[in-house]
Amino acid sequence: MNFADTLKSVDLVLSTGEVPLIVGESGIGKTALAKEIAQQNHWSLIVINGNLLKEGEIGGLPTIESYVGVNDKEAQVEKKATVYAVHHKLREIDEETSQGKIVLLFIDEINRCEHTVQQELMNLVLNREINGYKLPEGVKILAAMNPSSKYGSDFDYQVVDMDAAQENRFVWLSMEPDYHQWLDWAIDAGIEQKVIEFISTFPDYLHKINEDDLRATPRSYERISSSYKMYQEKKSSIPRSVFLNVVKGNVGRLIAEELVSFVEADHRSLIAYQDVFSENSLPESIRDKVKNESHTRLYLSAKNILKDLEATILYDREDSKFYIETLIEFLNLYPVDLKIGLMKDIKNSYPEVYKHALENEAFIASYFEAYRLIRS
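Residue numbers here run from 1 along each chain, matching the order of that chain's written sequence. Whole-chain, interface and lining totals are the exception, using all residues; otherwise, since this is a predicted model, local features are given only for residues with pLDDT of at least 70 and side-chain atom pairs are given and counted only at 80 or more. Neither water nor hydrogens contribute to the side-chain values; these are computed over all heavy atoms in the structure.

## Considering the pairing of strand β4 (residues 76-84)
Okay, so step 1: Paired strands, as defined in this entry, are two strands with at least two bridges between them according to DSSP. Every helix listed is a DSSP run of H or I at least four residues long, and every strand listed is a run of E at least two residues long, numbered separately from the N terminus. Bridge count between strand β3 (residues 62-70) and β4: nine bridges; the pairing is antiparallel. Bridging across to β4, valine 70 finds its partner in glutamine 76.
Okay, so step 2: Remark: five residues form the turn of the hairpin made by β3 and β4, two consecutive strands paired antiparallel; glutamate 74 in that turn has positive phi of roughly 60 degrees.

Written as structure tokens, this is what we have:
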């Protein structure tokens with residue numbers, strides 16, 4: 001499943017009171033999905049990384065506590081009991097739920113910890129209790145892990161597999177990277193345009209297991225974007241070789257050389273917001289540019305333009321008629337399947353643009369005409 005489908009599936013499983021288990025390669029966005037679920041539902045998110053825990057840590061170290069009891073002669077005597085310190089993550093849960101908040105407890109890397117730690121985490125997941133500590137009612141649990149060779153993974157994560165009984169207590173959701181959705185996320189997240197364009201040109205590199213090299217993941221390109229920004233700002237003091245080495249450290253030698261060559265090449269830029277809206281009508285030159293662009297680059301152009309247009313209309317409603325009419329004229333140049341997909345995106349992701357578009361008869365007519373052409 002891609003990110004969006006996994007997110008909806010997790011939401012459904014949590015609503016039934018069961019525990020979803022996301023299975024996916026490292027760096028494809030499992031933690032981002034947990035954050036998105038928590039944000040959408042206005043829940044507090046608390047993350048426990050299994051691979052960072054040592055034996056006994058989540059269960060708490062034992063100490064002796066004295067209390068007054070009664071002996072067989074009904075006389076009061078001092079007795080001893082073993083109690084366990086509460087891990088700071090569990091304390092955070094108590095603090096959140098005591099304020100009436102619902103908590104999403106995200107247990108990541110559940111199969112990349114010591115076997116004893118995994119058993120402790122299983123107590124939390126399956127019994128909602130560990131060494132006398134009980135999870136409050138308002139806690140929902142989401143777990144995640146990397147695939148192992150047991151399930152056909154090509155990559156050795158050094159995992160500790162669960163037994164069949166434990167596996168059966170989860171709802172398994174297999175998540176895979178989707179470059180279209182990554183591009184959407186990258187635009188909103190402010191990832192460097194050149195990095196976005198590189199992935200749009202070489203989508204297979206978004207998640208690539210190199211034979212003798214480092215593996216590239218969506219997380220790798222997020223780091224490369226930060227490095228590229230710094231490299232651009234301090235180009236006079238950061239040699240190209242240093243930047244190349246940093247990129248190699250993220251995605252491996254082969255992809256790094258292609259990526260650095262790509263960002264240095266004089267590729268034509270994407271059609272930008274200024275290209276479409278800088279004149280009183282859509283410039284004639286835009287028509288030729290659209291004809292010579294690939295679907296992916298057209299998609300990226302439209303997403304960038306819509307993001308800027310959303311902000312513009314929000315602060316300049318008086319000229320909204322001009323913006324919407326020019327947008328319609330621009331989208332009418334697009335292939336019909338891409339155009340109808342973008343019109344749906346407008347409804348889902350750009351509320352200000354959509355609100356004004358609905359008031360424009362030409363937009364409505366254009367949508368139904370595109371829909372008719374798709375069906376014919």
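## Notes on the environment of alanine 216
Okay, so step 1: Take alanine 216: it is sitting in the loop between α7 (193-201) and α8 (218-233).
Okay, so step 2: Along the chain, alanine 216 and aspartate 337 lie 121 residues apart, while their C-alpha atoms are 31 Å from each other.
Okay, so step 3: Every residue pair with non-hydrogen atoms within 4.5 Å of one another is taken to be in contact. When residues no more than four places from it in sequence are discounted, the contact partners of alanine 216 are Tyr205, Leu206, His207, Lys208, Asn210, Tyr221, Asn250, Val251 and Ile255.

## Things to note about helix α13 (residues 295-315)
Okay, so step 1: Here α13 contains 21 residues, and its C-alpha end-to-end distance of 31 Å stays within 8% of the 30 Å for a straight helix at 1.5 Å per residue.
Okay, so step 2: Residue burial is assigned from relative accessible area. The probe radius is 1.4 Å, only protein chains are included, and a residue is buried under 20% of its type maximum, exposed over 50%, and partly exposed in between. Within α13, 15 of the 21 residues are buried, which leaves it mostly tucked inside the rest of the structure. A helix is expected to span 1.5 Å multiplied by its residue count minus one.

## Structural notes on the side chain of glutamate 109
Okay, so step 1: As for its placement among the helices and strands, glutamate 109 is situated in the loop between β5 (103-108) and α4 (115-127).
Okay, so step 2: Apart from the residues lying within four places of it in its own chain, the contact partners of glutamate 109 are Asn49, Gly50, Asn51, Ala144 and Asn146.

## What about the pattern of salt bridges?
Okay, so step 1: Salt-bridge detection follows one rule: a side-chain nitrogen of Lys or Arg within 4 Å of a carboxyl oxygen of Asp or Glu. Counted under the stated rule, the structure contains 15 salt bridges.
Okay, so step 2: Between glutamate 284 and arginine 287 there is a salt bridge whose closest N-O contact spans 3.1 Å.
Okay, so step 3: Three or more residues are tied together by salt bridges with common partners; here these are Asp184, Lys303 and Asp345.

## Remarks on the packing of α7 against α13
Okay, so step 1: One can describe the packing of α7 onto α13 by two numbers: an axis separation of 10 Å at closest approach and a directional angle of 145 degrees. Handedness of the crossing formed by α7 with α13: right-handed. Listed contacts from α13 to Gln193, Ile196, Glu197 and Ser200 of α7 are Thr296, Arg297, Leu300 and Asn304. Here an angle of 0 to 180 degrees is reported between the N-to-C directions of two axes, which are lines fitted to C-alpha atoms, with helices fitted over the stretch in contact. Left-handed describes a crossing whose near helix is turned anticlockwise from the far helix through less than a right angle; right-handed describes the clockwise counterpart.

## Description of the sheet that holds strand β9 (residues 171-174)
Okay, so step 1: Pairing is parallel in the open sheet, where five strands are placed in the order β2-β5-β8-β1-β9. Edge positions in the sheet fall to β2 (44-49) and β9, since each of these pairs with one other strand and no more. Each strand axis lies, on average, 25 degrees off the axis of its neighbour in the sheet, ignoring direction.
Okay, so step 2: Two strands pair when backbone bridges link them, and β2 and β5 are joined in this way by six bridges, in the parallel orientation. Within the sheet, the bridge partner assigned to isoleucine 46 lies in β5 and is leucine 105.
Okay, so step 3: The sheet strands contacting helix α1 (residues 3-15) are β1 (20-23), β5, β8 (139-145) and β9, and the helix crosses β1 at an angle near 160 degrees.

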